[in-house]
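A look at the structure
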Amino acid sequence: MMKRIFALLIALLLMAALAIPVFADETPVTTARKGVVRIIGQDSKGRLYHSGSGFAVGLPGEKVDTFVTNNHVVASFSKVYVVLDYVGEGGTWIEATVLKTWTAPDLAILAIQSPIDAWTPLTLMSATKIEATQDVFALGFPGVSDVLSDNAQQRVPSTYEDVTITKGIVSKTKIVYDNTDTIQTDAQINPGNSGGPLITEEGYVVGINTVSVNNQAGASFGVNGAVFIDYAMAALDELGISYLTADESASAPAEEENPSSAPASQGQEKQETQQPVAGGDSAPSQTTLFFAGVAVLVVVAVVVIVIVLAVRKKPRNPMPNPQPFNPISKTTPVLGQGMLVLKGMSGYFSGKEFPLQDRLVIGRDAARCGVIFPQGTPGVSAVHCEIRREGAGWTITDLGSTYGTYLTSGAKLSPGMPYPVKPGESFYLGEAQNSFQLDAKV
């Protein structure tokens, strides 16, 4: 009997020794995923949209109730939700209050009523401390990643393990975009990444992923921008919200600042707190992992000994039959035997065609639009409208343009309200000469 117990203990020790290096492989970057959330918006008609990403801020050891994202992620919706697992019936998504927003910088601070402990606050570091060519990582929920999952169109997986990580370098430490200090990076971002964190290899947030420069077909040039995190730090100070910084201190609310001014100063008074690491949690050291493994081993060994020495053996209760899983049908593609394009009917883009995938923005801003009009085009705003896939169909939405978006009937679209369109339908931007039509190509 004792030989059997000894053999079992040796086997458990070997298993623990093999497991410890596996646990030790978690890095500050992968740990930082535990602070990233998906954000969805709901319009006045109750329709849901995957709007973007966000990340938690706060102090270590405390539950999370505050999130940072972009203004353009939340601006068009009557309600905003933070998603914890998936979107849909049975999923966990919590309504968030928009505490305050700014258009320049493109920034929003959200809060939920009941704090959660499943996510951890990330550590912030002034973007003025980064250097050109250093590695950075963009974290978030790009829509192009969702389509890789068979049921993503319906469920939209949103746990921290579903966070997409893309790696790049700091191409320029600072550019000024939309009157905002911005980090230029080649870390790939796509629609849905907006509002997510740009972090260093230590897991410190230095920017908010905001803009990607694409060509007219929607392909990235590898030139992407992240708003300086300093603006968010100034905003949190203004709102009296504490957060963790990379200088091993927690912020104390400062005198009211305007985050739309210069990036936040790093000289504000601080309160001492525990040493921070990426993701707001201490990364486990090898020593910690070893003793944790030993503790678990002791517990398991005691259980094994009790089982081996038991006088009677109780019959095992059979596991209940698992309930069948009913897979959700994939979204039916539009025009399964061909493709859909946006065709210019008059004006600057007359006769030109643009393939439609998931989303296409039209306007004059080369950084934010896929169909780019020349500067000064009459009737066209910088960011005018967008065509977006909605299930098996498509919608057109005016994005708050100055001149309006119109159907060929002359009906003007309400800003921020998606309008369903079908192949063959036409619309125009501001003036009738800026007209387009959705066209089916076989």
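Residues numbered from 1 in each chain as written. Predicted model: local features only at pLDDT ≥ 70, side-chain atom pairs only at ≥ 80, totals over all residues. Heavy atoms only, no water.

What follows covers the sheet that holds strand E6 (residues 107-116). In spatial order, the strands read E1-E2-E3-E6-E5-E4; together these six strands close into a barrel with antiparallel pairing. Sheet twist, expressed as the mean angle between neighbouring strand axes with direction ignored, is 40°. In this structure, strand E5 (residues 93-102) lies alongside E6, joined through six bridges in antiparallel fashion. Residue pairing across strands places Thr-97 opposite Ala-111, the latter belonging to E6. Along the sheet, helix H6 (residues 229-239) makes contact with strand E2 (48-57), strand E3 (64-69), E5 and E6, crossing E6 at roughly 55°. (Pairing = 2+ DSSP bridges. Helix = DSSP H or I, 4+ residues; strand = E, 2+ residues; numbered from the N terminus. Axes fitted to C-alpha atoms, helices over the stretch in contact; angles between N-to-C directions. Contact = heavy atoms within 4.5 Å.)

Here we take up the pairing of strand E19 (residues 359-363). Counting buried positions over the five residues of E19 gives four, a clear majority of the element. Bridge count between E19 and strand E21 (residues 383-390): five bridges; the pairing is antiparallel. Paired with Arg-359 across the two strands is Arg-388, which belongs to E21. Pairing of E19 with strand E20 (residues 371-372) involves two bridges; the strand directions are parallel. Bridging across to E20, Ile-362 finds its partner in Val-371. (Buried < 20%, exposed > 50% of the residue type's maximum accessible area, 1.4 Å probe, protein only.)

On to the sheet that holds E19. Strand order in the open sheet made by the five strands is E20-E19-E21-E22-E24, with mixed pairing throughout. Looking along the sheet, the strands with just one partner apiece sit at the ends: E20 and strand E24 (419-421).

For the rest of this paragraph, the subject is the nonpolar core. In this structure, Phe-55, Leu-107, Leu-124 and Ile-183 are the most contacted members of the largest nonpolar core, which totals 42 residues. At the level of elements, helix H2 (28-32), E2, E6, strand E8 (135-140), strand E11 (197-200), strand E12 (204-214), strand E13 (220-228) and H6 are the ones that each hand at least two residues to this core. If one sorts the elements of this core by residue count, H6 sits on top with six residues. Among the nonpolar cores identified, the runner-up in size contains 21 residues, and Leu-340, Leu-407, Leu-413 and Phe-436 belong to it. (Core = buried A, V, L, I, M, F, W, Y, C linked by side-chain atoms within 4.5 Å.)

Extensive coverage of H6 is indicated by the burial of 10 of its 11 residues. Buried within H6 we find Ile-229, Asp-230, Tyr-231, Ala-232, Met-233, Ala-234, Ala-235, Leu-236, Asp-237 and Glu-238. One or two steps after H6, the chain reaches Gly-240, where phi turns positive at roughly 75°.

Positionally, Arg-33 belongs in the loop between H2 and strand E1 (36-42). Taking the C-alpha atoms as reference points, Arg-33 and Gly-140, separated by 107 residues in sequence, lie 8.4 Å from one another. The contact partners of Arg-33, leaving out residues within four places of it in the chain, are Trp-119, Leu-139, Tyr-160, Glu-161, Val-163 and Ile-165. Within polar-contact distance, the side chain of Arg-33 engages the backbone oxygen of Thr-30 at 3.0 Å. (Polar contact = N/O pair within 3.5 Å; in protein donor to acceptor, adjacent residues only side chain to side chain.)

This part takes up the pattern of salt bridges. A side chain of one charge can pair with a side chain of the opposite charge if their charged atoms are brought near each other. Summed over all chains, the structure comprises six salt bridges. In this structure, the salt-bridge partner of Glu-386 is Arg-359, at a minimum N-O distance of 2.5 Å. Remark: Arg-359 occurs in strand E19 and Glu-386 occurs in strand E21; sequence separation between them is 27 residues. Given a relative accessible area of 36%, Arg-359 falls into the partly exposed group. If you follow the salt bridges from partner to partner, you end up with Arg-359, Glu-386 and Arg-388 in one network. (Salt bridge = Lys/Arg side-chain N within 4 Å of Asp/Glu carboxyl O.)

Secondary-structure assignment places Thr-395 in strand E22 (residues 393-398). Measuring from C-alpha to C-alpha, the distance between Thr-395 and Val-421 comes to 5.4 Å, with 26 residues separating the pair along the chain. Here Thr-395 is in contact with Glu-386, Ile-387, Arg-388, Glu-390, Pro-418, Tyr-419, Pro-420 and Val-421, once residues within four sequence places are set aside.

Mean pLDDT over the protein stands at 77; residues scoring 70 or higher make up 69%. Per-element confidence in the protein ranges from a low mean pLDDT of 35 for strand E16 (residues 270-272) to a high of 98 for E11. Of the regions scoring below 50 in pLDDT, residues 249-257 engages in 27 contacts with residues more than four places distant in sequence or in other chains. Contacts for the low-pLDDT stretch residues 308-338, under 50 throughout, to residues beyond four places or in other chains number 27 contacts. (pLDDT = per-residue confidence, 0-100.)

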